[in-house]
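Take a look at the letters that make up each chain.
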Amino acid sequence: MSSMSDVRNILFIMADQLRADYLSCYGHPTLETPNIDALATGGVKFDRAYCNSPICGPSRMSFYTGRTMASHGCAYNRVPIRTDEWTLSDYMRAEGLRSALVGKTHFGANPTDVERLNLATEGVDGRFVLECGFEPYERDDGLHPMGMFDPNLRYNQYLRDQGYASDNPWNDFAISALNDTGEIVSGFYMRNAHLPARVLAEHSETAYMTRRAIDFIRDAGDEPWSLHLSYIKPHWPYMAPSPYHNIYGVEDVLPAVRSDDERADPHPVVKAFMNHGESVVLSDDSARHNVIPTYMGLVKELDDHVGHLMTALSDLGRSDDTLIVLTSDHGDYLGDHWLGEKELFHEPSVRIPLIVVDPSESAVAQRGASSDAFVEAIDLIPTFIERLGGDPNQ
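Residues numbered from 1 in each chain as written. Predicted model: local features only at pLDDT ≥ 70, side-chain atom pairs only at ≥ 80, totals over all residues. Heavy atoms only, no water.

A. Quick look at the sheet that holds strand β7 (residues 225-231). Here eight strands make up an open sheet; going across it, the order is β4-β3-β7-β1-β8-β9-β2-β10 and the pairing mixed. The sheet terminates laterally at β4 (135-139) and β10 (369-376), the two strands that pair on one side only. The average angle at which neighbouring strand axes cross in this sheet is 20°, direction not considered. Pairing between strand β1 (residues 9-15) and β7: six bridges, direction parallel. Its bridge partner lying in β7, Ile10 is registered against Ser226. Running over the sheet, helix α13 (residues 285-315) touches β1, β7 and β8 (322-327) and is turned about 170° from β1. (Pairing = 2+ DSSP bridges. Helix = DSSP H or I, 4+ residues; strand = E, 2+ residues; numbered from the N terminus. Axes fitted to C-alpha atoms, helices over the stretch in contact; angles between N-to-C directions. Contact = heavy atoms within 4.5 Å.)

This is the structure we're talking about:
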């Protein structure tokens, strides 16, 4: 890191499955996100930003390596990248920054390579290889259904400490609700999306990860750092705590972007995705009316916590030397084009929000600007290196 740079730290915020057009600064007519809007006012908002793959794992590996899928080798979730591939954290450490993670990565470790290269997993090098290069300050990939959950997950331990008695309180409280008859029902079923989660808002995943990010910034003190705060929501299960579950209603649901012509003779691959369960469900407007207000509530919750995070960053004296980036790994169809989830290359799936806030005096003239430049996920690592005073060409 050059001593001439105004930027000492990187705060890289990602929200899983956040559509660009579900932020008020990107034009949503009723979903107000004043804290994210404030970042756009204090930085540059990119209107033509795209992920390199509309699937969690491959997209994130492009963000984390600065390379496309054909280069880094991750073709789906938890498929390992090459062990010799440099990651975001490798580049950040080369610039003298401590590089940590709070939240999810969808990174698939390659223990076979660790063993083949004789890397001790309890050592620094082995740990980094198993964690996509990050210091895992608080890793949580966000999906912990019964039968495949870690009983020692720190968020589950936290929930138990708050009184949520269960072997897997994430499953039984954070993404579950009580229906009208008092039965516990799962957020994995979209018919339950309108119900409030069984956790208080202050105990939700979004609230917890925000506090952990603030803990890291406080712990880092004056040491230069890079923090990847990777929020789990608004990715499904679509279930929000009160009051976020019913802030929005049917009147806030925008018409689906789709036409009957799209279903008349679709490409066989598109047709197969149209026949997925989530696509069939979200092709019904009644399901969209049940799900989308909750998705909006999860975005609203995210925005509130971005506000808490920015307040803490200022209180800790780090606002003037921290480059802030807010983005997502991909979008969410939400019924557009007769589809659910993501995975194909339509705008709702592949377009992402991207806001960059540079604290440098040299960036003053650009604050509040919107850019129509075509930018990709792979552009971020060289940008970080350059703003830290390094040379991205080396």
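Let's pick the thread back up.
B. Structural context of the pairing of strand β2 (residues 44-50). Among the seven residues in β2, five count as buried, and that is most of the element. The pairing of β2 with strand β9 (residues 354-357) spans two bridges and is classified as antiparallel. Along β9, the bridge assignment pairs Val44 with Val356. With six bridges joining them, β2 and β10 adopt parallel strand pairing. Bridge pairing in β10 places Phe46 opposite Ser371. (Buried < 20%, exposed > 50% of the residue type's maximum accessible area, 1.4 Å probe, protein only.)

C. Structural detail: the nonpolar core. Formed by 65 residues in total, the largest nonpolar core has its most connected members in Leu11, Leu227, Leu309 and Met310. Element by element, the count of residues in this core is highest for α13, at eleven residues. Residue contacts for Met310: discarding those within four places in its chain leaves Leu11, Ile13, Leu39, Ser319 and Ile324. In terms of nonpolar packing, the next biggest core, distinct from the first, is built from 35 residues, Phe12, Met92, Val356 and Ile385 among them. (Core = buried A, V, L, I, M, F, W, Y, C linked by side-chain atoms within 4.5 Å.)

D. Molecular detail of the packing of aromatic side chains. This structure, assessed with the given rule, holds 15 aromatic pairs. Here the aromatic residues Phe12, Phe63 and Phe384 are joined through ring pairs into a cluster of three or more. It is Lys45 that lies over the ring of Tyr26; its NZ or CZ is 4.7 Å from the centre. (Phe/Tyr/Trp six-rings, centres within 6.5 Å; stacked < 30°, edge-to-face > 60°. Lys NZ or Arg CZ within 6 Å of the ring centre and 35° of its normal.)

E. Molecular detail of the side chain of Asp140. Inspection of the secondary structure assignment puts Asp140 in the loop between β4 and α7 (154-161). Lys104 provides the closest opposite charge to the buried, salt-bridge-free Asp140, at an N-O distance of 7.8 Å. Side-chain polar atoms of Asp140 contact the side chain of His144, separated by 2.6 Å. (Lys, Arg positive; Asp, Glu negative; His and termini not counted. Salt bridge = Lys/Arg side-chain N within 4 Å of Asp/Glu carboxyl O. Polar contact = N/O pair within 3.5 Å; in protein donor to acceptor, adjacent residues only side chain to side chain.)

F. Looking closely at the packing of helix α9 (residues 205-220) against α13. One way to put it is that α9 packs onto α13 with a least axis distance of 10 Å and a crossing angle of 15°. With respect to α13, the axis of α9 lies roughly parallel. Regarding α9 and α13, the two cross each other, and that crossing is right-handed. Judged by residue contacts, Thr206, Ala207, Thr210, Ala213, Ile214 and Ile217 of α9 engage Glu301, Leu302, His305, His308, Leu309, Ala312 and Leu313 from α13. Among the residues forming the contact of α9 with α13, the class breakdown is eight nonpolar, four polar and one charged. (Parallel < 35°, antiparallel > 145°, perpendicular 65-115°, else oblique. Left-handed = near helix turned anticlockwise from the far one by under 90°. Nonpolar A, V, L, I, M, F, W, Y, C, P; charged D, E, K, R; others polar.)

G. Broad picture of unusual backbone geometry. Look at the link from Lys233 to Pro234: it is a cis peptide, with omega at 15°. You can see Pro234 is positioned in the loop between β7 and α10 (261-264). In this chain, Trp236 is followed by Pro237 through a cis amide linkage whose omega measures 0°. With respect to the helices and strands, Pro237 occurs in the loop between β7 and α10. Phi is positive for His337, which is not a glycine, with a value near 60°. With respect to the helices and strands, the residue His337 is situated in the loop between β8 and α14 (347-350).

H. A look at helix α1 (residues 34-42). Along α1, the positions that sit buried rather than exposed are Ile36, Asp37, Leu39 and Ala40. On an axial view of α1, the arc spanned by its buried residues comes to 150°, and they lie on one face. Where α1 is buried, its residues contact β2, α13, β8 and β9. (Arc of directions from axis to C-beta.)

I. Examining the pattern of salt bridges more closely. A complete count under the given rule lists 27 salt bridges for this structure. Taking the shortest distance from any N to any O, the salt bridge between Arg19 and Asp336 comes out at 3.1 Å. Pair noted here: Arg19 is in the loop between β1 and α1 and Asp336 is in the loop between β8 and α14, with a separation of 317 residues, a long-range link. Given the relative accessible area of 3%, Asp336 is considered buried. Across the pair Arg78 and Asp141 runs a salt bridge whose closest N-O atoms are separated by 2.7 Å. Remark: Asp141 occurs in the loop between β4 and α7 and Arg78 occurs in the loop between α3 (69-72) and α4 (88-94); sequence separation between them is 63 residues. Judged by relative accessible area, Arg78 falls into the partly exposed class, the value being 47%.

J. Region of interest: the pairing of strand β3 (residues 98-103). Counting buried positions along β3 yields five of six residues, so the element is predominantly enclosed. The sheet contact formed by β3 and β7 spans six bridges and is parallel. Within the sheet, the bridge partner assigned to Val102 lies in β7 and is Leu229. Pairing analysis gives three bridges linking β3 to β4, with the strands arranged parallel.

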